[in-house]
Every structure is written in C-alpha cells, then in structure tokens.
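The residues making up each chain are set out below.
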Amino acid sequence: MDLPPLSLDQLSAVLSTVPTSADLYNTLSDYEEQACLISAKEVELLSVFYTTFFFSHLLTDQIEEARALTKRMPQPILQTDSIQNCLLLLRAVWQRKHAGIYKILRELPWPNRAQSVVRSYENYFQQKTLNEVSNSYEAIKPAAAATYLGLDPALAQQGDQETIQKFTACGWKWDPETQLLHPNPVITAPPKDNGLQTELSRVMALISH
Amino acid sequence: MSDLLARLSAVPYRPHVVTDAANEDYDRQLREFVAYLKQPGLIPSTSDPNEYLQALSPSKNSLSFLYLLRFQIQQAQKRTKRDLPDSIQPGGNLWNLAVRFLRSFDPIQIRYSLDEWRQLVDLVASAAVTSSKAVLGLKATRDALERLSPSGIFTSTHLLLVKLALHSSAYTYALPITDQLLCHFPTDTEHVHHEYFLCSEQAPNTALVTDASGISAKLSYRDHLQYFLYSAMIYMALKKWTQASRCLNVVIASPTANAVSKIMVEAYKKWILANLLGQGKIPSTPKMISPHVIRVYQSLARPYISLAEAFEKGDLYKMSNEIDLGQAIWQADKNTGLVSQLFEAFDKFVIVKLGRTFSALTIADVLQRTSSSPKCPREIEEFVASLVMSNSMRASLSHSPDDNGTTMLRLSLGSQTHPFYREEHIRAKLMRAKTALDTIAQGVTQTDQTLELSQENLQFLAKSQKWSVSAEKVVSSGDIGGGDIDEDLMGDGQ
C-alpha cells in the first residue's frame with residue numbers, strides 16, 4: 001500500500017495515531033524511503049523525521065540500530081540542533097548515564113513537532129528504569145533512586161516527603177530509621193523466547209531435507 | 001494496442017483445486033505465455049510501453065509486467081547509452097515501477113522467469129548504490145527475496161543483500177533474511193525432481209529452483225563464505241554475538257581441499273573476538289574442522305590467540321599489552337572496533353566470574369579485583385549496577401544506611417529470587433517446552449511426509465507386508481510340497 005507523502009503534518013498525524021512504539025517504528029521505517037528521496041534542502045522536515053525515527057528506535061530498545069541510523073542520516077541535517085541533541089542522547093543512553101539522559105530530554109531544545117515522542121521516551125525510560133531498579137536493589141539511598149528516576153537527588157536525600165511518596169506509591173518501603181528505600185520487585189513476564197523455536201525448526205528442516 | 005494489451009493482461013488461469021492435471025495445465029499455460037513474451041518485436045517500436053505498464057497489475061500480470069519493465073529499461077539504456085539511466089535511479093519513473101513490482105509480484109508466476117527477476121533486483125540494487133542510497137536497494141531486495149521465498153536456498157541475491165546492509169549501515173533491515181537457515185544451493189539441473197511442476201505450491205523449493213533457472217548468478221565457494229562472514233558482521237554491529245558466532249562457525253568449518261582461504265582466516269579472527277565479547281571465552285572449535293586447518297588458523301591468528309588467552313585468564317596487564325602491541329594488526333584486519341570493546345567485556349566477565357567464588361562482596365572489593373581502566377568506587381558501582389539492571393548478571397545491590405558505607409553486591413541469587421518471579425519463569429519454561437514439543441511434532445509430521453511415512457502410506461505398507469507374508473506362507477507350503485511356486489499359488493486360489 002502506498003503511503004501518503006511525507007510532510008510535517010503527516011508526521012504529526014502518524015505520531016498521534018499509531019498505537020504502539022513498534023507500530024511507530026515500522027511506519028517510520030517505511031517512510032525512510034521517502035525521506036531518502038527528499039531534497040536535502042528540506043532541512044526542517046528531514047530533521048524532524050530523523051529525530052522522530054531515532055526516538056522510535058529508542059522506544060523499541062534498538063540502541064545499536066539507532067547508532068547505525070545516525071551514520072546514514074543525510075549529511076546536511078547532521079549539524080541541526082535536533083540531530084546534535086540526538087547524538088548526545090545516544091551517547092548518554094549507550095553509557096547509561098541516567099542523570100544526563102533526563103537532562104538532555106528535558107533541557108535541550110527539541111522541535112515542537114517531536115515534543116510528543118520526546119516525552120513518550122522520557123516516560124518509557126523512567127518506567128523501564130523503575131522496573132530495573134526495583135529488581136536490582138534490595139535497599140537504595142533516596143538520592144541514588146532519585147537520580148535513576150530523574151527526580152531531584154538533593155531533595156530526596158533530605159527525606160522530602162513528596163519525593164519519598166513518589167517511591168512508596170510504586171510499592172517501595174521507606175525506612176525512616178536507616179533512611180533507605182526498599183524497592184518492591186516488579187514481576188514481569190520473561191521476554192518471549194523465539195530462539196528455541198527457530199533453532200528447533202532449523203534442526204527439523206535439516207532432518208526433513 | 002488493445003489487442004496486445006488484451007493478450008498481455010490475459011493471466012493464465014490458476015487452478016483452485018490442486019491436482020496434477022490442473023498443475024500440468026497451468027504449467028503449460030505459463031510456459032507458453034513466457035515463450036510469447038520472449039518473442040522479438042512483441043512491442044511495436046511505435047508504441048509506448050509505459051502505457052501498457054500503467055494498465056497492468058504487477059501482482060496479477062507479474063510476467064507481462066516484468067518483461068515490459070525490462071524491455072522499457074533496455075530501451076532507456078539504449079537511448080541514453082548508460083547502464084543506469086536517470087529513470088532507473090531512485091525516484092525515477094522506472095525505479096518506482098520496479099520497486100512496486102518487487103513488492104507485489106506473484107511468486108508462482110515469477111518461478112518461470114527467475115533470470116529476469118534477478119536481473120531486475122541487481123539493477124535496482126546497483127542504481128541505489130550508485131546514487132548513494134543503498135538503503136533503498138536493501139529494502140527492495142529484502143522485500144523481493146521475502147516475497148519469492150526461496151527458503152533454505154542460497155542465491156547471489158542473498159550475498160547482494162548483506163553487502164547492501166553493510167554498505168548502507170542499516171543492519172536490522174537484513175535480519176529477516178539473515179535469520180533464515182540456508183542449507184541448499186540451487187539444485188543441479190541433472191538432479192531435479194521432474195515429478196514436480198514449477199507452479200506446484202506443495203513442491204519443495206529445492207525441487208524447483210535449479211541452477212539453470214537463473215535465480216542466482218554463478219556462485220563460487222567464495223560467495224558462500226562471504227555471505228556468512230558479512231552476515232556475522234551485521235550481527236556483530238548489532239551486538240548479537242551468538243548469531244555472529246554461528247555464522248562465523250559456518251565459515252571456519254567449511255570444507256577445504258588443501259589451502260585455507262583468506263576469508264576463512266579472517267572469519268577465525270572475528271570468531272575469537274565475537275566469542276570473547278559474547279561469552280568471555282573461546283569455545284572449542286567445531287569438531288568437523290580438520291586438525292591441519294586448525295593449525296593453519298592458529299599460526300595465522302597468533303596475536304588473537306595470545307589476546308584471548310590473556311582475556312580468559314583475567315590477566316589485565318597482559319591483555320592491555322597484547323592490545324597495544326597488536327594495534328597495527330587490528331587496524332589492518334579492520335578489527336579495531338571489536339578489540340576496543342574487549343576492555344568493557346573484560347570487566348564484565350571478571351565481575352560475573354566473582355559469583356563463582358563469592359556470595360557477597362562490597363563494591364570496594366569488586367574494584368580491587370577488576371577494572372581495566374582506573375575507576376573510582378562510584379564509577380564501578382554504576383558499572384556493576386548497569387550489569388545487574390541489564391540482566392547481564394544475576395545479583396542484587398544493597399546500600400548501607402551510614403553515609404560513608406559501601407554498597408553490597410549479592411551474587412548467586414538462585415535461592416533468594418522472589419517466589420512470584422520464580423513462578424513466572426517456571427511458567428515461561430513450561431511454555432517454551434510446549435513450543436518446543438509443538439515444533440518437534442510439526443517437524444516429525446513434515447519429515448514423515450517427506451520420507452513417505454504418513455499414516456496412509458504406513459497402512460498401505462502394512463497391508464502390502466501382510467499380503468507378502470501370506471504369499472510367503474503359501475510359497476513355503478508350496479516348497480514343502482515340492483511343486484512350482486506359480487502352480488501352488490494357483491492351487492491356493494482354487
């Protein structure tokens with residue numbers, strides 16, 4: 001099926017209609033072909049498209065492919081603020097610098113058209129980190145937990161009630177005596193393993209032939 | 001024009017009920033249709049093939065569309081005296097038609113013109129590469145291969161695809177093809193199962209896709225090795241070390257007559273690095289590699305082996321030295337990127353190995369036993385936390401209450417895992433076992449069919465056996481009687 005022509009409005013329409021991050025990634029993958037054919041003079045459109053496409057990689061945990069994308073973006077847009085911010089974000093995500101990630105997402109200027117996907121990623125990253133911390137720490141200092149989740153570490157260290165409540169709302173326990181938070185492990189279904197089926201199918205295919 | 005268009009759009013009738021007779025008829029019609037399309041001067045020089053192309057559907061009139069498109073491309077090449085005229089470049093009219101075709105053709109019809117199909121794919125790919133838009137060629141090639149689905153058969157288009165993926169730095173797009181198992185070359189024409197018709201949907205691809213069909217350019221031993229080496233490079237770019245190692249295994253374990261090829265040596269070097277990065281050690285080489293080949297590998301990849309030994313022993317000093325000494329070698333082999341990742345992998349596997357000795361230790365202790373680069377306790381804690389949080393190691397972290405207290409790392413959490421978490425994993429294991437059984441059952445059924453062990457065939461065989469046993473009895477009784485077999489049989493019948 002032919003896609004509607006790529007434009008800023010069409011990008012906004014895609015962002016507001018796709019139900020999942022995987023759908024966003026798939027749709028923008030299809031649009032990459034149109035983006036390749038757009039004149040490099042259309043800097044704004046290309047910059048917003050590649051920024052959005054970059055975030056769709058992060059939203060689907062494809063960090064390595066996000067890096068590859070930055071290598072095949074058209075040269076003229078590499079110097080735009082938006083793409084430069086993407087490169088900074090990629091480095092921070094790659095190095096798992098949580099404080100840096102929130103700072104880049106919140107404080108650097110992003111194009112208005114990409115704001116929704118930036119906010120989506122911030123929420124996604126925060127939730128993902130919350131799950132990871134919950135399953136990795138038995139006890140954690142409020143400042144460290146706040147850093148992981150993009151909250152103010154200084155306030156958390158002082159035992160700020162509002163900050164502590166944000167953690168207890170997630171099922172964590174606060175021990176005022178030790179001044180430590182005790183995360184509640186998040187039970188998530190293990191990722192579906194298609195590898196086994198693929199391997200077995202391979203063996204069976206070899207036997208059949 | 002209308003007569004010609006009517007003939008071009010007259011799609012041979014495809015049978016709904018699949019019988020040998022129906023397939024035979026459809027096969028004959030398609031062969032005749034291809035012969036008609038191949039006639040010289042089919043398209044009058046005064047007419048515009050573009051009008052026909054606009055009127056035809058690439059999915060229904062795949063053969064007509066392909067021949068007309070190829071004709072128009074040849075016309076454009078003659079007119080412009082260029083192999084790749086502007087109209088076939090990305091965004092041009094012929095490019096758009098070609099890509100539309102490659103994404104919607106009828107794979108059954110195209111089995112009768114695989115040579116033309118391949119030439120179109122090759123042309124699209126080279127147009128994309130020359131216009132520095134290799135990613136467009138990659139996606140079109142991938143879609144065309146997926147649509148044709150020559151499952152399990154290695155062709156020159158597979159090699160083209162992995163080259164395009166590396167050329168365009170778009171690795172994930174190639175995975176639907178590289179993830180497929182390839183275990184056949186196009187069948188030698190002499191060994192084709194002639195009982196299958198090309199249009200048969202039931203026939204295995206190996207019986208249909210022959211080297212004479214043109215599905216692949218002439219393949220050499222080198223092409224096969226290159227495909228798996230490049231596939232491994234795609235997986236390595238995505239840090240999928242297990243898959244990379246599997247592909248490299250294919251290359252290093254390829255049969256050799258006498259000499260070991262350069263590609264195989266290159267693959268062996270990458271195989272060492274991929275295994276160090278993925279598993280922290282070098283597994284034993286596949287048993288099918290003959291000892292003399294292993295000796296050749298080892299002598300030609302000596303710096304890599306020394307590096308791997310230092311890595312496996314956890315000797316950071318020696319590993320750093322080996323890396324420094326071999327800079328020129330890594331650069332010449334284009335392995336600098338992989339080697340540079342060894343430092344982080346070294347720290348990771350040293351920490352993971354601590355779990356074999358300790359059940360708990362402080363971050364200060366971890367710092368003392370690891371670190372390829374000077375790190376402060378905070379940095380090492382961040383690194384350990386990243387390993388735990390990314391599930392690279394099973395452990396938990398615990399901060400101590402006092403301000404200057406260190407963080408405790410608890411390893412080997414087998415008995416401490418949350419019961420609900422454990423339950424989820426048991427459930428997932430059961431699901432995996434069920435999936436495995438389903439896959440095996442499906443495979444057994446398929447194998448049964450392939451080996452003609454279906455229920456019906458077994459019943460038939462049993463009946464035949466029963467019949468032959470009873471016949472033998474008769475024969476035996478006849479022997480006792482000392483008469484002739486034929487006569488006894490006749491006698492029994494009486």
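Residues numbered from 1 in each chain as written. Chains lettered and ligands numbered in written order. Predicted model: local features only at pLDDT ≥ 70, side-chain atom pairs only at ≥ 80, totals over all residues. Heavy atoms only, no water.

### Notes on the overall build of chain A
- Across its full length, chain A carries eleven helices and three strands.
- In chain A, the order of α-helices and β-strands from amino to carboxyl end is α-α-α-α-α-α-α-β-α-α-α-β-β-α.
- Here chain A, with 209 residues, has 45% of them falling under the buried criterion.
- For chain A, long-range pairs separated by at least 24 residues make up 57% of all intrachain contacts whose partners lie at least 6 apart in sequence. (Helix = DSSP H or I, 4+ residues; strand = E, 2+ residues; numbered from the N terminus. Buried < 20%, exposed > 50% of the residue type's maximum accessible area, 1.4 Å probe, protein only. Contact = heavy atoms within 4.5 Å.)

### A look at the overall build of chain B
- Check the secondary structure of chain B and you find 25 helices and three strands.
- Here chain B, with 494 residues, has 47% of them falling under the buried criterion.
- Looking at chain B alone, contacts between residues at least 24 apart form 65% of all its contacts between residues at least 6 apart.
- Surface summary for chain B: the accessible area is close to 25,600 Å², and the carbon and sulfur share equals 53%. (Areas by Shrake-Rupley, 256 points an atom, 1.4 Å probe, with all protein chains shown as cover.)

### A few points about a positive patch on the surface
Residue and element names in this part refer to chain B.
- Taken together, the side chains of Lys 163, Arg 222, Lys 262 and Lys 334 make up a positively charged region of the molecular surface.
- Here Lys 334 is to be found in the loop between α18 (327-332) and α19 (336-340).
- Lys 334 gets classed as exposed once you look at its relative accessible area, which sits at 71%. (Patch = residues over 30% accessible without salt bridge, like charges linked within 9 Å, V, L, I, M, F, W, Y side chains within 5 Å. Salt bridge = Lys/Arg side-chain N within 4 Å of Asp/Glu carboxyl O. Lys, Arg positive; Asp, Glu negative; His and termini not counted. Charge placed at Lys NZ, Arg CZ, Asp CG, Glu CD.)

### Some remarks on unusual backbone geometry
All names here are of chain A.
- Positive phi values are uncommon outside glycine, yet Arg 96 reaches one of about 55°.
- Looking at the element boundaries, Arg 96 is found in the loop between α5 (81-94) and α6 (98-107).
- A residue is classified by how much of its surface remains accessible, and Arg 96, at 24% relative accessible area, is partly exposed.

### Some details on helix α5 (residues 93-102) of chain B
All names here are of chain B.
- In terms of residue burial, α5 counts as a mostly covered element, since seven of its ten residues are buried.
- Residues of α5 that are buried include every one of Leu 94, Trp 95, Leu 97, Ala 98, Val 99, Phe 101 and Leu 102, and no others.
- Next to the buried residues of α5 lie α3 (49-55), α4 (62-80), α6 (107-110), α7 (114-130) and α8 (134-148).

### A look at the pairing of strand β3 (residues 408-411) of chain B
Residue and element names in this part refer to chain B.
- Here β3 shows a buried face lined by Leu 409 and Leu 411 and an unburied face lined by Met 408 and Arg 410.
- Sheet topology places strand β1 (residues 360-362) next to β3; three bridges connect them, and they run antiparallel. Bridge pairing in β3 links Ala 360 to Arg 410.
- Pairing analysis gives four bridges linking strand β2 (residues 395-398) to β3, with the strands arranged antiparallel. Bridge pairing in β3 links Ser 398 to Met 408. (Pairing = 2+ DSSP bridges.)

### Some words on the sheet that holds β1(B)
- If you trace the four strands from one edge of the open sheet to the other, you get β1(A)-β2(B)-β3(B)-β1(B), paired in mixed fashion. The strands lining the two open edges of the sheet, one partner per strand, are β1 (137-139) of chain A together with β1 of chain B. Put simply, the sheet's adjacent strands are angled 25° from each other on average, direction ignored.
- Examined bridge by bridge, β1(A) and β2(B) share two bridges and lie parallel to one another. Bridging across to β2(B), Tyr137(A) finds its partner in Leu397(B).
- Sheet strands touched by helix α22 (residues 377-389) of chain B: β1 of chain A together with β2 and β3 of chain B. Its angle to β2(B), the strand with the most contacts, is close to 140°. (Axes fitted to C-alpha atoms, helices over the stretch in contact; angles between N-to-C directions.)

### Concerning the nonpolar core
- In this structure, Tyr50(A), Phe55(A) and Trp117(B) are the most contacted members of the largest nonpolar core, which totals 166 residues.
- Broken down by element, this core gets its largest block of residues, eleven residues, from helix α14 (residues 262-279) of chain B.
- Not counting the four nearest positions on each side in its chain, Trp117(B) is found in contact with Leu66(B), Phe101(B), Leu102(B), Phe105(B), Ile110(B), Ala144(B), Leu145(B), Leu148(B) and Thr157(B).
- Ile140(A), Phe383(B), Met389(B) and Ala395(B) belong to the second largest nonpolar core, which has 29 residues in total. (Core = buried A, V, L, I, M, F, W, Y, C linked by side-chain atoms within 4.5 Å.)

### Quick look at the pattern of salt bridges
- Counting across every chain of the model gives 25 salt bridges over all chains.
- Salt-bridge contacts for Arg113(A) lead to Asp9(A); the nearest nitrogen and oxygen are separated by 3.0 Å. With Arg113(A) in the loop between α6 and α7 (115-136) and Asp9(A) in helix α1 (residues 8-17), the pair connects residues that are 104 residues apart, well separated along the chain.
- Residue Asp9(A) is classed as exposed on the basis of its relative accessible area, which comes to 54%.
- When the shortest N-O distance is used, the salt bridge between Glu132(A) and Arg96(A) registers 3.1 Å. Separated by 36 residues along the polypeptide, Glu132(A) in helix α7 and Arg96(A) in the loop between α5 and α6 bring together distant segments of the chain.
- When salt bridges with common partners are traced through the structure, they connect Glu33(A), Arg103(B), Lys139(B), Arg142(B) and Asp143(B) into a single cluster.

### Some points on the domain arrangement of chain B
Residues and elements named next belong to chain B.
- Assigned domains of chain B: these are domain 1 (2-219), domain 2 (226-340) and domain 3 (345-411).
- Tallying the contact residues gives twelve residues for domain 2 and six residues for domain 3.
- In total, domain 2 and domain 3 occlude about 650 Å² of area from one another, counting both sides; carbon and sulfur atoms represent 74% of this.
- Interface area lost by domain 2 to domain 3 is led by Leu 277, Phe 311 and Leu 316, which between them contribute 57%.
- Linking domain 2 with domain 3 are zero salt bridges, by the criterion used here.
- Linking domain 2 with domain 3 are one residue pair in polar contact (both at pLDDT 80 or more), by the criterion used here.
- Of all the secondary structure elements, the ones that give two or more residues to the side of domain 2 that touches domain 3 are α14, α16 (302-313) and α17 (316-325).
- In terms of residue count, α14 provides more of the side of domain 2 that touches domain 3 than any other element does, four residues in total.
- Of the residues that constitute the side of domain 2 that touches domain 3, the class distribution is six nonpolar, four polar and two charged. (Domains from an automatic or database assignment. Buried area = accessible area lost by both parts, 1.4 Å probe. Polar contact = N/O pair within 3.5 Å; in protein donor to acceptor, adjacent residues only side chain to side chain. Nonpolar A, V, L, I, M, F, W, Y, C, P; charged D, E, K, R; others polar.)

### Here's the deal with the packing of helix α3 (residues 43-59) of chain A against α5(A)
Residue and element names in this part refer to chain A.
- For the pair α3 and α5, interaxial distance at closest approach is 9 Å and the crossing angle is 20°. In terms of orientation, α3 lies roughly parallel with respect to α5. For α3 against α5, the interelement crossing comes out left-handed. Across the interface between the two elements, Ser 47, Tyr 50, Thr 51, Phe 54, Phe 55 and Leu 58 from α3 touch Ser 82, Ile 83, Cys 86, Leu 89 and Leu 90 from α5.
- Of the residues contributing to the contact of α3 with α5, the split by class is eight nonpolar, three polar and no charged. (Parallel < 35°, antiparallel > 145°, perpendicular 65-115°, else oblique. Left-handed = near helix turned anticlockwise from the far one by under 90°.)

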